[in-house]
Amino acid sequence: MQGKKTPLFASHQKYGGKIVEFGGWLLPVQYSGIIEEHAAVRTKAGLFDVSHMGEIWVEGRDALAFLQNLVTNDLAGMKNGQIRYSPMCYEDGGTVDDLLIYRYGETCYLVVVNAANIDKDREWMIKNMAGFEAVLTDKSDETAQLALQGPLSTAILSKLTGEAVADIAFYHFIDDVAVAGKKTMVSRTGYTGEDGYEIYCAPEDVTHLWESIMEAGREEGLLPAGLGCRDTLRFESCLPLYGHELSAGISPLAAGLGRFVKLDKASFIGREALVRQKEAGLPLKVMGVEVTGRGIARAGYPIKADGRVIGTVTTGSPAPTLGKNMALALVDAAYAEIGREIAVEVRGKEIAAVIVAKPFYKRS
Amino acid sequence: MKIPAELLYSKDHEWVKVEDGRAVVGITDFAQDQLGDVVFVEVPEAGAELGVGDGLTTIESVKAVSDVYSPLGGKIAQVNEELGDAPQLINEDPYGKGWIAVLEIADAAELKGLLTAEEYKKFLSEEA
């Protein structure tokens, strides 16, 4: 197996992680088991190594103007310490990536990007910098990241820091937080549909942080959690995964992310194409699907209705919290209505399914 | 990793237990561990005739779909219906309650193509 190792690679082996290659990285798909780790995050807490994520800094007088031109969401009005999610599009409305944008100051932003897209995103950003006074620095290799997720995350993290992390609002962050004696940045964000934190630190500090958090969470039932449950957790919450629900061929509007596309903001890359898509109506939409027959839908399987193929599964798997087999699928807009009965073709057999509302899971 | 001495093994990580001209077939402890939590087993159809390497069943874990190939040729005499509702038996007891099917062995000479426990153990260590 070939791939880049995060600074926690030895810890993953120590904790019994089953290593797989993902987006060019060697990471644990699971430790004790996907279903057990999934349940821990929903009911207690789980700790993920997400050091593979990319961190690109944008600084300079035109940092905001540059980003406003680059992404579909509106970043005006953000305050220091605030985070915003946004797709980033090509001219034709297809998606380059989806990002988190952290505002450090009027002239300083951190853009967190998907691991598999770091090089592509950086090149796209550089290509679109002309005319803006801004400097871009890719610090992905100098930044490690942990995600502590689940309802007991605050209780666990509070044991390791004097900062009132409980008071960090959702989609906000505080910098220069000492956690277990190490300098970190802590944000109230995640990719699981649960409460939780993402903790950014120096690569040389991450093993100490991992061990300290695991120790602090012992009585809460904290488990190390792998990529497998990261995917099933985000899937139940219907958070898109780039390469599945979003891609160069799937615009944020088709993905159902219209609330992050501010067509009324001043010009941005892809705006004209997205306006046209909205006016003409989308031919395909990402919809939620419950497989009611016996079988599991998987990415790439055809969706059928009226004897023909009307779409494709983008993500499919059991939804452990629901105890059902669910899917996200890109389907012909004519069939994209909740309650519509369809079929998923599983190994040549049509299995009954129905279009249902998203998300499949919402924390109470 | 359990590798019972009395069984035969295929390089596709199936085990075979020979009893009175019949072969009980399942997947090995190594295979179930590699798959992770098994959530779906397509129970094979009794009566079907299979050749060596034909698809016997499909096992799905949370993340993966894996085909199980028949380690021997023959007719499926019996299938483990319990796996339909309790696919996790493959994880919990791969050599016992997690058996998949019983085949009527068509050609006993095919057994020679399988590995002994010792050979399978060596095969695993070379593969790793």
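Everything numeric in this text was worked out from a predicted model, so none of it was measured. (Residues numbered from 1 in each chain as written. Chains lettered and ligands numbered in written order. Predicted model: local features only at pLDDT ≥ 70, side-chain atom pairs only at ≥ 80, totals over all residues.)

Caption draft 1: Representation of the overall build of chain A within the structure. Along chain A, the regular secondary structure elements total eight helices and 20 strands. Its C-alpha radius of gyration of 21 Å places chain A within 12% of the 21 Å reference for a compact globule of 364 residues. By principal-axis analysis of the C-alpha atoms, chain A measures approximately 60 × 50 × 40 Å. Expressed as a percentage of the 364 residues in chain A, the buried residues total 50%. Contacts spanning at least 24 positions in sequence make up 66% of the contacts within chain A whose residues lie at least 6 apart. (Helix = DSSP H or I, 4+ residues; strand = E, 2+ residues; numbered from the N terminus. Rg over C-alpha atoms; globule rule 2.2 N^0.38 Å. Buried ≥ 20, exposed ≤ 12 C-beta atoms within 10 Å, placed from the backbone. Contact = placed C-beta atoms within 7 Å.)

Caption draft 2: Structural detail: the domain arrangement of chain A. All names here are of chain A. The domain architecture assigned to chain A consists of domain 1 (4–51 + 143–236), domain 2 (54–138) and domain 3 (283–356). The centre of domain 1, based on its C-alpha atoms, is set 24 Å off from the matching centre of domain 2. Tallied by class, residues from the side of domain 1 that touches domain 2 come to four nonpolar, six polar and no charged. (Domains from an automatic or database assignment. Nonpolar A, V, L, I, M, F, W, Y, C, P; charged D, E, K, R; others polar.)

Caption draft 3: Summary view of the sheet that holds strand β1 (residues 4–5) of chain A. Residues and elements named next belong to chain A. An order of β1-β3-β2 is seen for the three strands of this open sheet, with the pairing classed as mixed. Two strands close off the open sheet at either side, each with one partner strand: β1 and β2 (18–22). Pairing of β1 with strand β3 (residues 25–30), which is carried by two bridges, proceeds in the parallel orientation. Residue pairing in the sheet places K5 in a bridge with L26 of β3. Taken strand by strand, helix α7 (residues 227–236) contacts β2 and β3, and its axis lies near 70° from that of β3. (Pairing = 2+ DSSP bridges. Axes fitted to C-alpha atoms, helices over the stretch in contact; angles between N-to-C directions.)

Caption draft 4: Quick look at the nonpolar core. All names here are of chain A. Among the nonpolar cores identified, the biggest contains 139 residues, and L67, L146, L148 and V344 are the most heavily contacted of them. Here this core takes six residues from strand β18 (residues 324–332), the largest share from any one element. If we ignore the near neighbours within four places in the chain, the residues touching L146 are L47, F48, D49, V50, I199, V206, L209, W210 and I213. (Core = buried A, V, L, I, M, F, W, Y, C linked by C-beta atoms within 7 Å.)

Caption draft 5: Up close: helix α4 (residues 118–127) of chain A. Residues and elements named next belong to chain A. Among all positions in α4, only I118, D121 and M125 are buried. Seen end-on, α4 carries its buried residues on one side only, within an arc spanning 70°. In α4, the exposed positions angled more than 90 degrees off the buried face are occupied by E123, I126 and K127. Of the surrounding secondary structure, the elements contacted by the buried residues of α4 are β5 (54–59), α3 (63–70), β7 (95–105), β8 (108–113) and β9 (135–138). (Arc of directions from axis to C-beta.)

Caption draft 6: Up close: the interface of chain B and chain A. Of the residues lining the interface, nine residues belong to chain B; the matching set on chain A comes to 12 residues. Those elements giving two or more residues to the side of chain B that touches chain A turn out to be β4 (38–41) and β6 (55–61) of chain B. In the side of chain B that touches chain A, the residues fall into four nonpolar, two polar and three charged.

Caption draft 7: Just the pairing of strand β6 (residues 83–89) of chain A, in detail. All names here are of chain A. The buried count for β6 comes to five of seven residues, which makes it a mostly enclosed element. Of the pairings in the sheet, the one linking β6 to β7 comprises seven bridges and is antiparallel in character. Bridge assignment links M88 to a residue of β7, and that residue is D97.

Caption draft 8: A look at the packing of helix α2 (residues 34–43) of chain A against α7 of chain A. Residues and elements named next belong to chain A. Across the interface, α2 lies against α7 with an axial gap of 9 Å and an inter-helix angle of 55°. Overall, the two elements α2 and α7 adopt an arrangement that is oblique. Relative to α7, α2 is oriented so that their crossing is right-handed. Facing I34, E37, H38 and V41 of α2, the residues of α7 in contact are G228, C229, T232 and L233. Its residues assigned to classes, the contact of α2 with α7 comprises four nonpolar, three polar and one charged. (Parallel < 35°, antiparallel > 145°, perpendicular 65-115°, else oblique. Left-handed = near helix turned anticlockwise from the far one by under 90°.)

Caption draft 9: Structural detail: the environment of S70 of chain B. Residues and elements named next belong to chain B. Structurally, the position occupied by S70 is in the loop between β7 (65–69) and β8 (74–79). Taking the C-beta count within 10 Å as the criterion, S70 has 26 such neighbours and is therefore assigned buried. Along the sequence, S70 and Y95 sit 25 residues apart, while their C-alpha atoms lie 16 Å from each other.

Caption draft 10: Molecular detail of the pairing of β2 of chain A. Residues and elements named next belong to chain A. Both β2 and β3 contribute to a ladder of five bridges, which runs antiparallel. Bridged to V20 within β3 is L27. If you look at the hairpin formed by β2 and β3, you'll find two residues sitting between the two strands, and G23 has a positive phi there, around 55°.

Caption draft 11: Expanded view of helix α8 (residues 271–280) of chain A. Residues and elements named next belong to chain A. Looking only at α8, the buried set comprises R271, L274 and Q277. One face of α8 carries all of its buried residues, which in axial projection span an arc of 120°. Opposite the buried face of α8, by more than 90 degrees, sit the exposed residues R276, E279 and A280. Looking at the buried positions of α8, the neighbouring elements they touch are β6. At the C-terminal side of α8, G281 shows a positive phi close to 90°.

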